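# Coordinate analysis (summary)
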Amino acid sequence: MRPRGEMARDELEDVPDAEMGQRYRKFPSDSLQSHISEPQKAPKKRLVFHYRTLSPETSYFLEIWDGIFLLVLAAVSVITPLEVAFDLARHEESSMVIWAIDAAFLFDMILQFFTAYFDTARSRYVRDVRSIAWRYLTGWFVIDLATTFPYQLFGELQHLRVLRLLRLHSAIQICRRRQANVGISFALLSLIKFLVVLSFNCHWMACLWGHIAWCHREGSWLEALEASKGGDPRLYTEWPGVYTISVYWAIMTLTSIGYGDITPQNQYEYVVASVCMAFMAAMWAVVIGQMCGVLATLLPHDVAFKRTMDDLNWLLKDRQMPMPIRTKLRRYFYESRSLTRLHEQKQIIAQMSPMLQGEVSTQLLGNWIEKVGYLNNLDCEVLVQVARKLKAQLFAPKEAIDNDRALFVVRRGVCMRGGRVLIAGDVWGKDMILSNPLLREATSVRCLSYLEVLTLRFVDLQDCVSRSSQGRALVRWWQIRLALQHAMQRISRAVRQMERREGSFADMPADTQKKVVLNVLHGHSPLAELPSEETCSNASAGLAGNQLEEIKSSILALTQTVESLQQTVLDMAE
């Protein structure tokens, strides 16, 4: 006997939930009758189908299919006019190609019912299947259906196979969807578009002109050409030869060169030739005009550089500069072309959103940022500000570079610093964050070639990190770390020099050792008289009140870290 309100597990049955995509437990109707006083009517089941739509932005399959279908459309543009003009459908090879094209068209039609489209009114992609289907049925569906119809099965409708060319509208849609994937300039794309349009129009006109003579050979231009010139009979009886002659005629018509050996012979041919001449002449005029405009703006950066060089040459000639100086200045401007590109790139990056600016700035900064500890761990927002503050400079060979409390990054060229050769990717001036000039390295830099560097001033870095507490703390921690490191190096060098003259530093009294250290840190001779307390207080007036305490605590923390690392190494060795 089971208590009221309890049910056995075997009385439950699994029922799929079509809307949620999960399974839930359903009570059988007879069990419900025994536990519910008043029977309830079971709700009607609704059959809901969920289809997965393809997003043009995220679907990798759709991206691959768009590339394949573009190739299919290119093949249709070439094969279909040839097939209709020279009746190639009766060949077995051509028939297989035609059926493959029809299958690709049919598959693309099915995909159109499941491909999301962009709604400009709501500025989002519509993924509802019913909305997608209604938009396609009221749009290009009828035309696509006409292009997919197997006309090769009906002899009297074979000429309607030329309707497959209407499917070329899909090429425009695919190019619009994939324009973000192409990194070619619009000027070059325009040139490619014009060449493609001219090529296909010549091909289509050649097929039309060849079809006239192929279907009605008697009294045609082909018969007249064979009678006047003669030659290999296959040139006039097989379709490759006739097509070659037709292409020759189409190119003459397009370029308006004029006719020589191929001329119309009857009224029908004169009408077709006149229409072709009018159409091709208009197209040639438009294409030539558009191409001239495109070529004028194809390389805007090169045009601006040439204008700058013309102005420089005018300046040198007007001021009657000596020839060696003229050569040096021209060489400098040729080497500085990359600086101009860098300034233009900064203007482009400034138009992006903050997130995209961070991603692009991280890529543009390169691997050198890993060599600068206080920049490598900054937030993305701060790095964007740092990238904006970077200034590109170009130095001539043998030119000296002053250490103006700035960070220098070598982008191109070779230089010498303190007996060390620096190349692209090297960095110097990382100690610019130290306020004590005695702790900063003052080694001069000499250029061995044209040297292109990126510079970041300390004032600009302070401005970037002033709005970030994490950035300020990170820079402050590195200030203490570099100050201790450089102070230890400075003291060790001074002690070694003093030991060569005065003897061992360890044998000196503690007061003398303290005096030597303070003298070194104040920039005096190690054994010079210690400055008065008033002088010391004035020298340290700019320091914060708790700076010494922070240094002491940092030294203790570093000592503890070193001891823990030593213990870890000993444990690993055991």
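Residues numbered from 1 in each chain as written. Predicted model: local features only at pLDDT ≥ 70, side-chain atom pairs only at ≥ 80, totals over all residues. Heavy atoms only, no water.

For the rest of this paragraph, the subject is the overall build of the protein. Summing up its helical and strand segments, the protein has 22 helices and 12 strands in all. A burial count over the protein gives 33% of its 574 residues as buried. By sequence separation, contacts in the protein at least 24 residues apart represent 67% of the contacts at least 6 residues apart. When the accessible surface of the protein is split by element, carbon and sulfur atoms take 59% of a total near 37000 Å². (Helix = DSSP H or I, 4+ residues; strand = E, 2+ residues; numbered from the N terminus. Buried < 20%, exposed > 50% of the residue type's maximum accessible area, 1.4 Å probe, protein only. Contact = heavy atoms within 4.5 Å. Areas by Shrake-Rupley, 256 points an atom, 1.4 Å probe, with all protein chains shown as cover.)

Within the secondary structure layout, Gln479 lies in helix H19 (residues 469–502). A distance of 2.7 Å separates the side chain of Gln479 from the backbone oxygen of Ile433, its partner in a polar contact. Setting aside its immediate chain neighbours within four residues, Gln479 contacts Ile433, Leu434 and Phe458. (Polar contact = N/O pair within 3.5 Å; in protein donor to acceptor, adjacent residues only side chain to side chain.)

Turning our eyes to something else, we now look at the pattern of salt bridges. The final tally for this structure, using the stated rule, is 18 salt bridges. In this structure, Glu83 engages Arg161 in a salt bridge whose closest nitrogen and oxygen atoms are separated by 2.6 Å. Placement of Glu83 in helix H2 (residues 60–86) and of Arg161 in the loop between helix H5 (141–148) and helix H6 (169–177) is noted, with a sequence separation of 78 residues between them. Glu441 is the salt-bridge partner of Arg417, the closest N and O atoms lying 3.4 Å from each other. Residue Arg417 is found in strand S8 (residues 415–417), and its partner Glu441 is found in the loop between strand S10 (427–428) and strand S11 (445–447); the two are separated by 24 residues along the sequence. Taking the relative accessible area as the measure of exposure, Arg417 reaches 15% and is therefore buried. We classify Glu441 as partly exposed; its relative accessible area is 41%. When salt bridges that share partners are traced, they join Arg331, Glu335, Arg411, Arg412 and Glu452 into one network. (Salt bridge = Lys/Arg side-chain N within 4 Å of Asp/Glu carboxyl O.)

One finds Trp368, Tyr374, Leu375, Ile433 and Leu461 to be the most contacted residues of the largest nonpolar core, which totals 36 residues. When residues of this core are traced back to their parent elements, those giving at least two are helix H14 (337–349), helix H16 (373–376), helix H17 (380–389), strand S5 (391–395), strand S7 (406–412), strand S12 (451–457), helix H18 (458–465) and H19. Considering every element that reaches this core, the biggest residue donor is H19, with five residues. The residues contacting Leu461, other than those within four sequence positions of it, are Tyr374, Leu375, Val386, Met432, Ile433 and Leu456. The next biggest cluster of nonpolar side chains, apart from the first, holds 33 residues, and it includes Leu191, Trp249, Ala250 and Cys276. (Core = buried A, V, L, I, M, F, W, Y, C linked by side-chain atoms within 4.5 Å.)

We note that Gln320 has phi near 55 degrees; this positive angle belongs to a residue other than glycine. Positionally, Gln320 belongs in the loop between helix H12 (300–318) and helix H13 (323–335).

One open sheet accounts for four strands, arranged S6-S11-S8-S9; its pairing is antiparallel. The open sheet terminates on both sides in strands that have one partner only, identified here as strand S6 (400–401) and strand S9 (420–422). Where S8 lies against S9, three bridges are found, and the strand directions are antiparallel. Within S9, the position partnered with Cys415 by the bridge is Leu422. (Pairing = 2+ DSSP bridges.)

So, about the UniProt feature "transmembrane region" (unreviewed entry) in the protein. UniProt's feature table lists "transmembrane region" (unreviewed entry) at residues 64–85, 97–118, 186–212, 241–259 and 271–299, given in the numbering used throughout. Between the end C-alpha atoms of residues 97–118 there is a gap of 34 Å, over a span that is 73% helix and 9% strand. Annotated as 100% helix and 0% strand, the span residues 186–212 places its first and last C-alpha atoms 39 Å apart. (UniProt positions renumbered as here; feature names shortened; annotations may be inferred.)

A few words now on the sheet that holds S5. Spatial strand order, S5-S12-S7-S10: four strands in an open sheet with antiparallel pairing. Among the strands making up the open sheet, the edge pair consists of S5 and S10. Pairing of S7 with S12, which is carried by six bridges, proceeds in the antiparallel orientation. Following the sheet pairing, Ala406 is matched in S12 by Arg457. Where H14 meets the sheet, its contacts fall on S5, S7 and S12, and the angle it forms with S5 comes to roughly 175 degrees. (Axes fitted to C-alpha atoms, helices over the stretch in contact; angles between N-to-C directions.)

With that out of the way, let us pick up the side chain of Ser246. Positionally, Ser246 belongs in helix H10 (residues 239–255). Given a relative accessible area of 0%, Ser246 falls into the buried group.

Counted by the stated rule, this structure contains 17 aromatic pairs. Ring geometry for Phe113 and Phe141: centres 6.1 Å apart, planes at 70 degrees, overall edge-to-face. Within this pair, whereas Phe113 is found in the loop between helix H3 (92–112) and strand S3 (117–119), its partner Phe141 is found in helix H5, the two being separated by 28 residues in sequence. Seen in terms of ring centroids, Tyr136 and Phe141 are 5.7 Å apart; in terms of plane orientation they differ by 80 degrees. Their pairing is edge-to-face. Residue class for Tyr136 comes out buried when judged on its relative accessible area of 8%. Three or more aromatic residues link up through ring pairs in this structure, and these residues are Phe61, Trp65, Phe69, Phe105 and Phe107. Over the ring of Tyr117 we find Arg135; its NZ or CZ atom is 4.3 Å from the centre of that ring. (Phe/Tyr/Trp six-rings, centres within 6.5 Å; stacked < 30°, edge-to-face > 60°. Lys NZ or Arg CZ within 6 Å of the ring centre and 35° of its normal.)

On the surface, Val182, Ile184, Phe186, Leu188, Leu189, Ile192 and Val196 cluster together into a nonpolar patch covering about 590 Å² of accessible area. In this fold, Ile184 is placed in the loop between H6 and helix H7 (186–215). With relative accessibility at 39%, the residue Ile184 sits in the partly exposed group. (Patch = residues over 30% accessible without salt bridge, like charges linked within 9 Å, V, L, I, M, F, W, Y side chains within 5 Å.)

What follows covers a positive patch on the surface. Judged by side-chain charge, Arg493, Arg496, Arg500 and Arg501 come together as a positively charged surface patch. Considering the arrangement of structural elements, one finds Arg496 in helix H19. Taking the relative accessible area as the measure of exposure, Arg496 reaches 45% and is therefore partly exposed. (Lys, Arg positive; Asp, Glu negative; His and termini not counted. Charge placed at Lys NZ, Arg CZ, Asp CG, Glu CD.)

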